[in-house]
Amino acid sequence: MPPKPKFTKEEIVRAALELVRERGADALTAREVGNQLGTSSSPIFTVFADMEELRAAVRAMAKARFDAYMAVAEDYFPAYKKRGMQWVKFAKEEPRLFQLLFMQNGEAGMDFDRAVDEIPFGKENDIRIIMRDYRASREQAEHLFRQMWTYTYGLCALCATGVCTFSEEETAARLGEIFRGMIYVLAEGAPDVQPTADFAESVRLREISPDLGGEKV
C-alpha cells in the first residue's frame, strides 16, 4: 500500500510557488520545497511523479495569478490599454513570477511570432479586443498588438529585473504616448497596413484618452 500523503497536492504547489516568489525559479528543487514545507523532499513524490510535474503545476498556479491581474481590465474601457497597465503592474509586484512565466520560455534566436506564441500572454484575446473596441481590421489589430507588445514587454522586463521602476502614472504616460501614436499611425495607414474608414472614424470619435487606465464600466 502506498504511503498516505503528508501534504495535499495544493499545499505542495503553494509552498513551491512561495519559494519561487521569494527566491526565484532556480530555487525550485525538491530539497528546497521540502524545507519550505518543514519536511524532507519525500512527501513531494507521494503526490507528484517527478519535479517536472511539480514545476508545471507551479507554472499553472503562477499563470492563474497573472490571469487574475489581467481580468481586472475587463471592467475598464478601453480594456486593451488597461491590459498593458496590468502586465506592468504584475511585473512590478510579482517580479520572480514574471520571470518564471515570461523570461524562461523558448529558445534563443526565435522570430517574433514564435516568441509571442511561446510566451503565455494571450495574443488572440488582445487582437479580439482591439478589433472590438476600435473597429479595427484584423491586419490593423495585429500590427498594433505587435508594436504595443514589444514596448510593454520591455517595460515589464525592466521592472521584473530591478533595472528600473515606474510609478503607475509614469507607466500610464509611457504606454499612453506609444498607444496614441500607433493608433493615429494606423488610422492614416502604416507600411503594409491599409487604413480603413471604420477605424479612422472610431479614433476620431473616441479622441483617445491620455489616461491609459481608462474608465470603469
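The coordinates are above.
The sections below set out a description of the structure shown in this document. Bear in mind that the values here come from a model prediction, so they are computed numbers and not experimental data.

### Description of the overall build of the protein
Check the secondary structure of the protein and you find 10 helices and two strands. Ordered by position from N to C terminus, the α and β elements of the protein give α-α-α-β-α-α-α-α-α-α-α-β. Across the protein, the fraction of contacts at a sequence separation of at least 24, relative to all contacts at a separation of at least 6, is 67%.

### Some details on the nonpolar core
Residues Val33, Leu54, Val58, Trp87, Phe98, Phe102 and Leu144 are the most contacted members of the largest nonpolar core, which totals 61 residues. For this core, the secondary-structure elements that each account for two or more residues are helix H1 (9-23), helix H2 (30-37), helix H3 (51-71), helix H4 (79-93), helix H5 (95-102), helix H7 (123-134), helix H8 (138-160) and helix H9 (168-188). Beyond its immediate stretch of four places on either side in the chain, Val33 contacts Ile12, Ala16, Leu19, Leu28, Ile44 and Leu54.

### Thoughts on the packing of aromatic side chains
Overall, the coordinates contain 12 aromatic pairs when judged by the stated rule. Here the aromatic rings of Tyr69 and Phe90 are separated by 5.1 Å at their centres, their planes lie at 80°, and the arrangement is edge-to-face. Linking Tyr69 in helix H3 with Phe90 in helix H4, this pair joins segments that are 21 residues apart in sequence. Using a relative accessible area of 15% as the deciding quantity, one classes Tyr69 as buried. Looking at Phe90, the relative accessible area reads 0%, which means it is buried.

### Description of H2
For H2, the full list of buried residues reads Ala30, Val33, Gly34 and Leu37. For H2, the arc enclosing every buried residue in end-on projection is 100°, short of the 170-degree limit, so these residues lie on one face. Considering only its buried residues, H2 is in contact with H1 and H3. In the segment just after H2, Gly38 is the residue with positive phi, at about 80°.

### Things to note about the side chain of Glu94
Looking at the secondary structure, you find Glu94 in the loop between H4 and H5. A relative accessible area of 8% means that Glu94 is categorised as buried. Engagement of the side chain of Glu94 in a polar contact is seen with the side chain of Arg21, the distance being 2.8 Å. When neighbours within four sequence positions are excluded, Glu94 is seen to be in contact with Arg21, Arg65 and Tyr69.

### A short note on H1
Under the 1.5 Å per step criterion, the end-to-end length of H1 is 21 Å for 15 residues, consistent within 8% with the ideal 21 Å. Those residues of H1 that sit buried are Ile12, Val13, Ala15, Ala16, Leu17, Leu19 and Val20. The secondary structure elements touched by the buried residues of H1 are H2, H3 and H5. In the segment just after H1, Gly24 is the residue with positive phi, at about 95°.

### Some points on unusual backbone geometry
Phi is positive for Arg135, close to 50°, though the residue is something other than glycine. Here Arg135 lies in the loop between H7 and H8.

### Considerations on the pattern of salt bridges
By the definition in use, this model includes 12 salt bridges. Close ionic contact of Glu18 with Arg21 constitutes a salt bridge, the shortest N to O distance being 3.1 Å. Residue Glu18 and its partner Arg21 are located together in helix H1, separated by three residues, close to a single helical turn. When its relative accessible area of 26% is taken as the criterion, Glu18 is described as partly exposed. Put simply, Arg21 and Glu94 hold a salt bridge, and the shortest N to O gap is 2.8 Å.

### What about the environment of Gly34?
Locating Gly34 in the fold gives a position in helix H2. Assessed through its relative accessible area of 0%, Gly34 is described here as buried. As for Gly34 and Ala16, which are separated by 18 residues in sequence, their C-alpha atoms are 8.8 Å apart. Setting aside residues no more than four positions away along its own chain, Gly34 makes contact with Thr39, Ser40, Ser41 and Ile44.

### Re the environment of Arg14
Here Arg14 is to be found in helix H1. By relative accessible area, Arg14 is classed as partly exposed at 41%. A sequence separation of 23 residues divides Arg14 from Leu37, and the C-alpha atoms of the two residues are 9.8 Å apart.

Conventions used here
Residues numbered from 1 in each chain as written. Predicted model: local features only at pLDDT ≥ 70, side-chain atom pairs only at ≥ 80, totals over all residues. Heavy atoms only, no water. Helix = DSSP H or I, 4+ residues; strand = E, 2+ residues; numbered from the N terminus. Contact = heavy atoms within 4.5 Å. Core = buried A, V, L, I, M, F, W, Y, C linked by side-chain atoms within 4.5 Å. Buried < 20%, exposed > 50% of the residue type's maximum accessible area, 1.4 Å probe, protein only. Phe/Tyr/Trp six-rings, centres within 6.5 Å; stacked < 30°, edge-to-face > 60°. Arc of directions from axis to C-beta. Polar contact = N/O pair within 3.5 Å; in protein donor to acceptor, adjacent residues only side chain to side chain. Expected span 1.5 Å × (residues − 1). Salt bridge = Lys/Arg side-chain N within 4 Å of Asp/Glu carboxyl O.

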